[in-house]
Amino acid sequence: MMLEKTKKIYNKMSIASKAALWFTICGFVQKGISFITVPIFTRLLTTEQYGVVSIFYSWESIFIIFCTLNLFSGVFNNGMIKYENDRDGFLSSMQGLVSTLTLCMLLLYLLFFKKLSLWIEIRRVLIIVMFMEILANSAFSFWSAKQRFEFKYRNMVILTLVVSVLSPLVAAVSVINTPNKFGADVRIISSACIVIVFYGIIYIINYIKGKNFFSKKYWIYALKFNIPLVPHYLSTLILSQSDRIMISKMIGMAEAGIYGLSHNLAMILNILTTSINNAFAPWIYQRLKEEKYRDISSVCNKLFLFVAVALAFMMAFSPEVISILAPSEYYDAVYVIPPLAISLYFMFMYQIFANVEFYFEKNKFIMLASIFSAGFNVFLNYIFIKELGYIAAGYTTLVCYVILGISHYIFSDKVAKKCIKDNIHLFDIKIVIGISCILMIFGLIMLLLYKNLLLRYGLILIMCMIFFIKRKDIYKFIVSIRR
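Presented here is a report on the structure given in the accompanying data block. (Residues numbered from 1 in each chain as written. Predicted model: local features only at pLDDT ≥ 70, side-chain atom pairs only at ≥ 80, totals over all residues. Heavy atoms only, no water.)

**Some details on unusual backbone geometry**
Working step 1: Phi at Leu 69 takes a positive value of approximately 55 degrees, unusual for a residue other than glycine.
Working step 2: Positionally, Leu 69 belongs in the loop between α4 (47-68) and α5 (74-82).
Working step 3: The class of Leu 69 is buried, set by a relative accessible area of 10%.
Working step 4: Although it is not a glycine, Asn 70 adopts a positive phi angle of roughly 55 degrees.
Working step 5: Checked against the element boundaries, Asn 70 lands in the loop between α4 and α5. (Helix = DSSP H or I, 4+ residues; strand = E, 2+ residues; numbered from the N terminus. Buried < 20%, exposed > 50% of the residue type's maximum accessible area, 1.4 Å probe, protein only.)

As structure tokens, this is what we get:
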């Protein structure tokens, strides 16, 4: 009965809503399966090796900025609207630009290998694999972004499932059958090979369909749009990754591995928030284009509440999740979960607000907020990690994301007032502040109750009872989001 009812609701959903639902599912599958395999790798690898893997992906995130300029993020969405009659040509041209930039970055790395290796502390073979993986991932990112705009999801679901299952599976089997001292290298290389092979096929298909490696018009448009955003992308990356790198430098690789686990656990909900934003960004663009401004506020309020509730449950169960994911030496990571989880709420908030700034191409505001927050984060990390240990990094991250979220609301509101004729607020700030305050209070309560199992389970039971009593309202709420 329930299955038939759900099927009827799904069939009545618009193609845009179905696409948004499946893109969100794809995001969970893509990262979720890797997350589920964390207990395997935390037991196959030492804390130092797990730290090496964590630091590798932190550096890869930084190199992605310089190799791709994040073209598949900012300018690509605008290009899908601006050049809607030549989307394949625009996509293949962007891929050509990324290929050129990646090759240049690889050559620069090889020229200055000795100096860079002293700072990066990753072997040359792994860096070469990293560049290949960046190129393959960028092809998939362009292709999947285009799928979102055209509300096509079937092929993306299939490819995501295949890569998401094979990548950690091959990595785990490879590590098990390799001498322990090579565990970190094998974990990285085997996983990357799956990405390179499957997304490499997408790389070729993009060129076959677009037939356009170089377009002066597209390249100039993209560079003019995204180069000013590089400080923003780099700053947000520093904000999310600098803590692990600084912990490894200031305390040790083992502590970076423990913090990396808590970061990975918190980031599981980042899959949800990023997937929601990626799915709803085209919808927000369309509403702004059609001047249906009031729709944005009502939908975003529901999204903020939905994300906050999901984060609250994650904080409530984090001790149990940590104990499942890793041995006892990782347990202290639980005390970093609440500040990192609340940081995700403010990260989601700024992503939603920034869509308005991106749409009206007001990139200067985005850059200023990000640079300040990242710089302040490094400053706080330098002071408090040294004095209070790696747990302090979670709280410095929270402070800076709060600043980033507030800044983007102020900037998006100014942009809306300047670019929209009607004097209208796109977001209901009172509701946003209310949800934020409740979530932070809940996080503090969880920190106090982690050692009191009875009280914490009592609070969880109350939450579940409220959800059961309000289940019909929650069901209507979810249906309203889908519509």
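**Concerning the nonpolar core**
Working step 1: Grouped together as the largest cluster of nonpolar side chains are 155 residues, with contacts concentrated most on Leu 71, Met 94, Phe 304, Leu 311, Tyr 345, Leu 426 and Phe 427.
Working step 2: Broken down by element, the residue count for this core peaks at 18 residues, all from helix α13 (residues 253-289).
Working step 3: When residues are assigned to domains, this core turns out to be shared by domain 1 (15-227) and domain 2 (252-482), each giving three or more.
Working step 4: Apart from the residues within four sequence positions on either side, Leu 71 is in contact with Phe 76, Met 94, Leu 97, Val 98, Phe 142, Ala 222 and Asn 226. (Core = buried A, V, L, I, M, F, W, Y, C linked by side-chain atoms within 4.5 Å. Domains from an automatic or database assignment. Contact = heavy atoms within 4.5 Å.)

**A look at the environment of Cys 193**
Working step 1: Following the sequence through the fold, Cys 193 ends up in helix α10 (residues 183-210).
Working step 2: Residue Cys 193 is classed as partly exposed on the basis of its relative accessible area, which comes to 39%.
Working step 3: Each C-alpha atom of the pair Cys 193 and Ala 171 lies 9.4 Å from the other, and the pair is 22 residues apart in sequence.

**What about the state of the cysteines?**
Working step 1: Scanning all chains against the criterion turns up 0 disulfides.
Working step 2: Counting only cysteine sulfurs, Cys 67 is the nearest neighbor of Cys 104, a cysteine outside any disulfide, at a range of 9.6 Å.
Working step 3: Using a relative accessible area of 42% as the deciding quantity, one classes Cys 104 as partly exposed. (Disulfide = S-S within 2.5 Å.)

**Description of the packing of aromatic side chains**
Working step 1: Enumeration over the complete set of coordinates arrives at 26 aromatic pairs.
Working step 2: Here the aromatic residues Phe 72, Phe 76, Tyr 83, Phe 90, Phe 142, Tyr 218, Tyr 221 and Phe 225 are joined through ring pairs into a cluster of three or more. (Phe/Tyr/Trp six-rings, centres within 6.5 Å; stacked < 30°, edge-to-face > 60°.)

**Details of the environment of Leu 161**
Working step 1: Take Leu 161: it is sitting in helix α9 (residues 154-176).
Working step 2: A residue is classified by how much of its surface remains accessible, and Leu 161, at 39% relative accessible area, is partly exposed.
Working step 3: Distance in space between the C-alpha atoms of Leu 161 and Val 29 is 6.7 Å, their sequence separation being 132 residues.

**Structural notes on the packing of helix α15 (residues 337-359) against helix α18 (residues 429-449)**
Working step 1: At their nearest, the axes of α15 and α18 sit 9 Å apart, and the two run at 170 degrees to each other. Taken together, the axis directions place α15 and α18 in an arrangement best described as roughly antiparallel. Between α15 and α18 lies a crossing whose hand is right-handed. Counted together, Pro 338, Ile 342, Tyr 345, Phe 346 and Met 349 of α15 and Val 432, Ile 435, Ser 436, Leu 439, Met 440, Gly 443 and Leu 447 of α18 form the full contact between these two elements.
Working step 2: Its residues assigned to classes, the contact of α15 with α18 comprises 10 nonpolar, 2 polar and no charged. (Axes fitted to C-alpha atoms, helices over the stretch in contact; angles between N-to-C directions. Parallel < 35°, antiparallel > 145°, perpendicular 65-115°, else oblique. Left-handed = near helix turned anticlockwise from the far one by under 90°. Nonpolar A, V, L, I, M, F, W, Y, C, P; charged D, E, K, R; others polar.)

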